[in-house]
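# Breakdown of the fold
Residue-level listing of the chains:
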Amino acid sequence: MTSFQKEFTLKAYSRGFHLITKEIMQEVKQELSSIDIGVFHVFIQHTSASLTINENADPSVRVDFESHFNDSVPEHAPYYTHTIEGSDDMPAHLKASTLGSSLSIPISHGELNLGTWQGIYLCEHRDNGGRRTIVVTALGTLSKH
């Protein structure tokens, strides 16, 4: 068995749903290549942004995600009491809790075993969320080559 863990910071993204699969792979490609079979865990260290896996080809999916979540979890709801950090803060916390802060993805032959049309999204729920810190951990069997 082998393992590795790496922490890195993404650039600041605007509010919305952003494919970050390539950025993650740039950070871990070398370490990941030594794992034949395993599990890759991705965690975001923030309470107002989240992670999910979904469509990686058609950008309209990401627009529809943002529209849906803004309709489902509106800003300025009269029952919010956590409002000191701005009108987008409490909705961001609710959206992040709904989608989650981590993902687990199988590793097969040194690659993430995502489906053909799957990508990893950073779900930025704040208007100005800033840079986001990601922690990845991989566990698995060493590749024989």
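Description of the structure in this document. (Residues numbered from 1 in each chain as written. Predicted model: local features only at pLDDT ≥ 70, side-chain atom pairs only at ≥ 80, totals over all residues. Heavy atoms only, no water.)

### Observations concerning the pattern of salt bridges
The final tally for this structure, using the stated rule, is nine salt bridges. Linking Lys6 and Glu31 is a salt bridge whose minimum nitrogen-to-oxygen distance equals 3.7 Å. Note that Lys6 is positioned in strand S1 (residues 2-10) and Glu31 in helix H1 (residues 21-32), a separation of 25 residues in sequence. The exposure class of Lys6 is partly exposed, given its relative accessible area of 24%. The partly exposed category is assigned to Glu31, whose relative accessible area is 28%. The closest approach of N and O atoms between Arg132 and Glu124, which form a salt bridge, is 2.8 Å. Under the relative-accessibility criterion, Arg132 is labelled buried at 4%. One network of salt bridges, with partners in common, ties together Arg15, Glu66, Glu75 and Asp127. (Salt bridge = Lys/Arg side-chain N within 4 Å of Asp/Glu carboxyl O. Helix = DSSP H or I, 4+ residues; strand = E, 2+ residues; numbered from the N terminus. Buried < 20%, exposed > 50% of the residue type's maximum accessible area, 1.4 Å probe, protein only.)

### Quick look at unusual backbone geometry
Not every positive phi belongs to a glycine, and His76 is a case in point at roughly 65°. Turning to its location among the elements, His76 is positioned in the loop between helix H2 (60-72) and helix H3 (89-99). In this structure His76 comes out as exposed when scored by relative accessible area, which is 63%. One non-glycine residue, His109, adopts positive backbone phi at about 55°.

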